[in-house]
2 protein chains.
Amino acid sequence: MRTQPVVCSLDSSPKSPRVLIEYCTGCRWGLRAAWMAQELLVTFEKELGEVALRPGSESGVFNVWVDSQQVWNRKESHRFPELKEIKRAVRDIVEPEKSLGHSDK
Amino acid sequence: MRTQPVVCSLDSSPKSPRVLIEYCTGCRWGLRAAWMAQELLVTFEKELGEVALRPGSESGVFNVWVDSQQVWNRKESHRFPELKEIKRAVRDIVEPEKSLGHSDK
């Protein structure tokens, strides 16, 4: 028996501020991306609309956006971001006055 | 020093098929939602555009959409979905011919 969709709802449209993490599936970076997503959702629970995880087809990709601003591009930076770098980048866009405690040091 | 956004990119716009999982933050259901997201991203690595996690302000909320179709509503179902139920619902919309092995039994 095929599952029938319960109801069509417009609430599913993307909600800003939206963080998007695109990661290379071939490199197995999904867990790292999901970990970062959870950290951001805890730190910015009240401030973020959503955090999206996107399996990337391009090898070596690990990019992070806040809405349409790209705040990290692994190919350009030649490394992964530290969590505190991403938290600061999100804070600077979403809630500039918010203190991040350790992540600010 | 404030982090400067690297570049504005349109690639950050939502990509279909898009799964959205909205969860109650007060109930601490973020880990469950993130776990489910990772399972979907592994099972449907090639088929999904993205999986988004949305902190919900409404108490007791745990809803899942595939694009604009809601496929689970905890308040209506009075329980969490089993993972295989969500995998089947996503499969039925995104890739009806795809076999899910155990999840299909």
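Residues numbered from 1 in each chain as written. Chains lettered and ligands numbered in written order. Predicted model: local features only at pLDDT ≥ 70, side-chain atom pairs only at ≥ 80, totals over all residues. Heavy atoms only, no water.

**Side note on the pairing of strand β3 (residues 50-56) of chain B**
Link 1 in the chain: Along β3(B), seven of the seven residues are buried, which leaves the element largely enclosed by surrounding structure.
Link 2 in the chain: Side chains B:E50, B:A52, B:R54 and B:G56 of β3(B) all project onto a buried face; the interleaved residues B:V51, B:L53 and B:P55 project onto the opposite face, where all are buried too.
Link 3 in the chain: One ladder, built from three bridges, connects strand β3 (residues 50-56) of chain A with β3(B); its direction is antiparallel. Residue pairing in the sheet places A:A52 in a bridge with B:A52 of β3(B).
Link 4 in the chain: Two strands pair when backbone bridges link them, and strand β2 (residues 18-24) of chain B and β3(B) are joined in this way by seven bridges, in the parallel orientation. Within β3(B), the residue paired with B:C24 across the bridge is B:G56. (Buried < 20%, exposed > 50% of the residue type's maximum accessible area, 1.4 Å probe, protein only. Helix = DSSP H or I, 4+ residues; strand = E, 2+ residues; numbered from the N terminus. Pairing = 2+ DSSP bridges.)

**Considerations on the interface of chain B and chain A**
Link 1 in the chain: Each side of the interface is counted separately: chain B has 42 residues, and chain A has 42 residues.
Link 2 in the chain: Carbon and sulfur atoms supply 49% of the area that chain B and chain A bury against each other, a total of about 3,600 Å² over both sides.
Link 3 in the chain: At the boundary of chain B with chain A, the tally comes to six salt bridges.
Link 4 in the chain: Where B:E50 meets A:R18, a salt bridge forms, and the shortest distance between an N and an O atom there is 2.7 Å.
Link 5 in the chain: Going through the elements one at a time, β1 (7-8), β2, α1 (30-43), β3, β5 (69-73) and α3 (83-94) of chain B are the ones with two or more residues in the side of chain B that touches chain A.
Link 6 in the chain: Its residues assigned to classes, the side of chain B that touches chain A shows 19 nonpolar, ten polar and 13 charged. (Contact = heavy atoms within 4.5 Å. Buried area = accessible area lost by both parts, 1.4 Å probe. Salt bridge = Lys/Arg side-chain N within 4 Å of Asp/Glu carboxyl O. Nonpolar A, V, L, I, M, F, W, Y, C, P; charged D, E, K, R; others polar.)

**Concerning α3(B)**
What sets the pattern is the α-helix's 3.6 residues per turn: residues three or four places apart point alike.
Residues and elements named next belong to chain B.
Link 1 in the chain: For α3, built from twelve residues, the straight-helix expectation of 16 Å at 1.5 Å per residue is met to within 8% by its first-to-last C-alpha distance of 16 Å.
Link 2 in the chain: Burial of α3 is extensive: nine of the twelve residues sit out of reach of the surface.
Link 3 in the chain: Among all positions in α3, only L83, E85, I86, K87, A89, V90, R91, D92 and V94 are buried.
Link 4 in the chain: Elements in contact with the buried residues of α3: β2, α1, β4 (62-66) and β5. (Expected span 1.5 Å × (residues − 1).)

**Re the environment of B:I86**
All names here are of chain B.
Link 1 in the chain: In this structure, I86 sits in helix α3.
Link 2 in the chain: The class of I86 is buried, set by a relative accessible area of 0%.
Link 3 in the chain: Linking I86 and N63, residues 23 residues apart in sequence, is a C-alpha distance of 11 Å.
Link 4 in the chain: Beyond its immediate sequence surroundings of up to four residues, I86 is in contact with M36, L40, V64, W72 and P81.

**Quick word on the nonpolar core**
Link 1 in the chain: If you look at the biggest cluster of nonpolar residues, it comprises 56 residues, and the most contacted ones within it are A:I21 and B:I21.
Link 2 in the chain: Ignoring anything within four residues of it in the chain, the contact list for B:I21 reads B:A33, B:M36, B:A37, B:V51, B:A52, B:L53, B:R54, B:F62, B:N63 and B:V64.
Link 3 in the chain: Core analysis: the second largest hydrophobic core is formed by six residues, A:L20, A:A52, A:W65 and B:A52 among them. (Core = buried A, V, L, I, M, F, W, Y, C linked by side-chain atoms within 4.5 Å.)

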